[in-house]
Amino acid sequence: MKSKLALLLALMLLVSVFFGSQATQQPDPTQAGNQPSTGDNTQTPTPDSSNAGDNTDRVAKDTITIVTESEPETLDPASANTDAIALTLGMIGDHLFDLQADGSITLGGICESYEQIDDVTVKFVLKEGVKFSDGTDLTSEDILWELSRLKEAPRSASNFAFVNAEESEIVDDRTIIVKFNQAWAPYQNTLSTGRGTIVSKAAFEAMGEADFSRAPVTTGPYKVAEWIPGTSITLTRNEYYWGEPAKTENIVIKFIPEATSRVIELETGAADIAYYIEGNDVARVDALDGYHVESGDAYRYLVVTFSMQDAILKDARVRQALCYAIDQELLVEASSDGLGTAITGFCSTPTAGYKALDPWPYDVEKAKSLLAEAGYADGFTIDLHVEPISLYEKAAEIIQSMWAEVGVTANIVSSALATYDAQHNGQFQACIRDSTASEISNMLIIYESSFGSRIQGNDDWLDGKLLELRTYYYDDPQRTTCLDEIYTYLNEQRYSYPYMNMPINYAVSDKLEGFEFHPAIDHIKHITDWVVYE
């Protein structure tokens, strides 16, 4: 085992070099269903800002620069299926509900109140005076229009399937009654996500979908000022923001896929914050003068997925064989430089509803036997798609070598998700992806037929069970029974191989005030308080 680990670690060094050359009623906190730790690992306290009120002799920068791993494909909430999209939307937009760092769900800032009238009816009253970034008023019509659009859009339809727009009612400009087709337990969590970002109906219709997706008109503290493809997005203060104006005028989000290159941005003083600090770079950043790392448990977990519709992979024996061929201990250790934690369940461990199952054993001979039984004694060749992110690329190289031991050739394709999707007409085979959803039914939604992407769901029984799960509110014992049935089925069918939880690591300038750790990178709060003093 040690010799194998040494060989794989050596391989990872070569791979990293190669790839170096993404009355007001408050919500019930139990509906969030998540209580991750935010400081029990290696979190470093934010520098003392007790004297922040006396800024007479200090000069604040007018721009804060963030470096992150990938560029968003779009900024249309209806297509917000990646963190790259959602984290930018979180800075320019608002939601009906907000996910807090402790896992609780609170009422969004644009709302004055809400009332859950029954299992299928919720009444919202919007805060008076909220305006979009173009100076027009937010109204109930915008809310209903956006919910209707999200229900129909291909990349959000599965998340908003329970919205009953036809029977929902606009009471007045600030009051709306939203109806569901049936009980919808995770509605608060879903409405707090990037897909739930509220946008202007009038601006969308006037600009058209293509232009709107590059500079959406929203109600958040910032708005898009410039988007340089492949390089950066610049946000500038929204002068019509309903809350306290942001302390810093501009935020620049730079896209740098290679992790080591993000650290170089810190070393040269070109960035104030770096997201997705992984592996050995954590210690490297902590050693830098003027920066520190804030780390903690996160909702992020990594998983190998198999298409339900692929001619080869639709055979359960093949999927099981590919799972038997993976040495999870080696994969986790080598791909994450020891930072990841092995998992045996079908979601991240901090998520309410996580259940540890018996580990899927590493058994090369069993894998070969199953492949022979399925008619592939001589193996086969498939694509293994990953986005161009080092954590995925490392894992792909390791899995490629493991599958080769059982005669399977994996062609690693490292490209943007949208690029591969377009080039292959939406058809996938195997993929490595992460999931950062914070509620169990929203995590498991990747297996639904209506979700489409990567796994390409095609299992009627599973579709029915996953929809059923969302109808049980969190205090209903039937929810636990349904979830257990889903876990057992997924473990047998092996549409995926979940293998690792990853902590979140933020590299933060010691001069940055107002930054608060959040276990979901696309839900960071209080960015209006961010300020860097020279």
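Residues numbered from 1 in each chain as written. Predicted model: local features only at pLDDT ≥ 70, side-chain atom pairs only at ≥ 80, totals over all residues. Heavy atoms only, no water.

1. Some thoughts on the overall build of the protein
Along the protein, the regular secondary structure elements total 16 helices and 21 strands. Sorting the 534 residues of the protein into buried and exposed places 59% on the buried side. Summed over its atoms, the accessible surface of the protein is roughly 20400 Å², and 48% of this surface lies on carbon and sulfur atoms. (Helix = DSSP H or I, 4+ residues; strand = E, 2+ residues; numbered from the N terminus. Buried < 20%, exposed > 50% of the residue type's maximum accessible area, 1.4 Å probe, protein only. Areas by Shrake-Rupley, 256 points an atom, 1.4 Å probe, with all protein chains shown as cover.)

2. Examining helix α16 (residues 477-493)
The end-to-end C-alpha distance of α16, which contains 17 residues, comes to 25 Å, matching closely the 24 Å that a straight helix rising 1.5 Å per residue would cover. Every buried residue of α16 is listed here: R479, C482, L483, I486, Y487, Y489, L490, N491 and Q493. Contact partners of the buried residues in α16: α9 (316-324), α14 (440-444) and α15 (460-469). Its side-chain oxygen at 2.9 Å from the backbone nitrogen of Q478, D476 defines the N-terminal cap of α16. R494 sits one or two positions beyond α16 and adopts a positive phi of about 55 degrees. (Expected span 1.5 Å × (residues − 1). Contact = heavy atoms within 4.5 Å. Polar contact = N/O pair within 3.5 Å; in protein donor to acceptor, adjacent residues only side chain to side chain.)

3. Describing helix α7 (residues 259-267)
Taken residue by residue, α7 has A259, R262, V263, E265 and L266 as its buried positions. Along the axis of α7, the buried residues cluster in a sector spanning 150 degrees; they form a single face. Where α7 begins, the capping side chain belongs to E258, and its oxygen is found 2.9 Å from the backbone nitrogen of T260. Where α7 ends, the next residue or the one after it, G269, has phi of about 75 degrees, a positive value. (Arc of directions from axis to C-beta.)

4. Considerations on the environment of L384
If you trace the backbone, L384 turns up in strand β15 (residues 381-386). In this structure, the C-alpha to C-alpha distance between L384 and Q429, residues 45 residues apart in sequence, is 6.8 Å. L384 has contacts with A396, I399, W403, A410, N411, I412, V413, A430, C431 and I432, leaving out every residue within four places of it along the chain.

5. Concerning the packing of α15 against α16
The N-to-C vectors of α15 and α16 enclose an angle of 150 degrees; their axes lie 9 Å apart at closest approach. By the angle between their axes, α15 is roughly antiparallel relative to α16. When you trace α15 past α16, the crossing you get is left-handed. The segment α15 lies against α16, with W461, L462, K465, L466, E468 and L469 engaging R479, C482, L483, E485, I486, Y489 and L490. (Axes fitted to C-alpha atoms, helices over the stretch in contact; angles between N-to-C directions. Parallel < 35°, antiparallel > 145°, perpendicular 65-115°, else oblique. Left-handed = near helix turned anticlockwise from the far one by under 90°.)

6. Quick word on the sheet that holds strand β1 (residues 63-68)
Ordered in space as β8-β9-β10-β1-β11-β19-β12, the seven strands form an open sheet in which the pairing is mixed. Unpaired on one side and paired on the other, β8 (222-228) and β12 (291-296) mark the two borders of the sheet. By the bridge criterion, six bridges tie β1 to strand β10 (residues 250-255) in an arrangement that is parallel. In the strand pairing of β10, T63 is matched with N250. Against the sheet, α7 engages β1, β10, β11 (273-274), β12 and β19 (504-509), with an angle of about 155 degrees to β1. (Pairing = 2+ DSSP bridges.)

7. A closer look at the packing of helix α10 (residues 328-336) against helix α12 (residues 390-404)
The contact between α10 and α12 brings their axes to 9 Å, and the two run at 145 degrees. Here α10 runs over α12; the crossing is right-handed. Residues L330, L331, A334, S335 and S336 of α10 form the contact with α12, whose participating residues are L391, K394, A395, I398, I399 and M402. Within the contact of α10 with α12, the residues separate by chemical class into eight nonpolar, two polar and one charged. (Nonpolar A, V, L, I, M, F, W, Y, C, P; charged D, E, K, R; others polar.)

8. With respect to the side chain of N491
On the secondary structure map, N491 appears in helix α16. When sequence neighbours within four positions are dropped, the list of residues in contact with N491 reads F346, L357 and W360.

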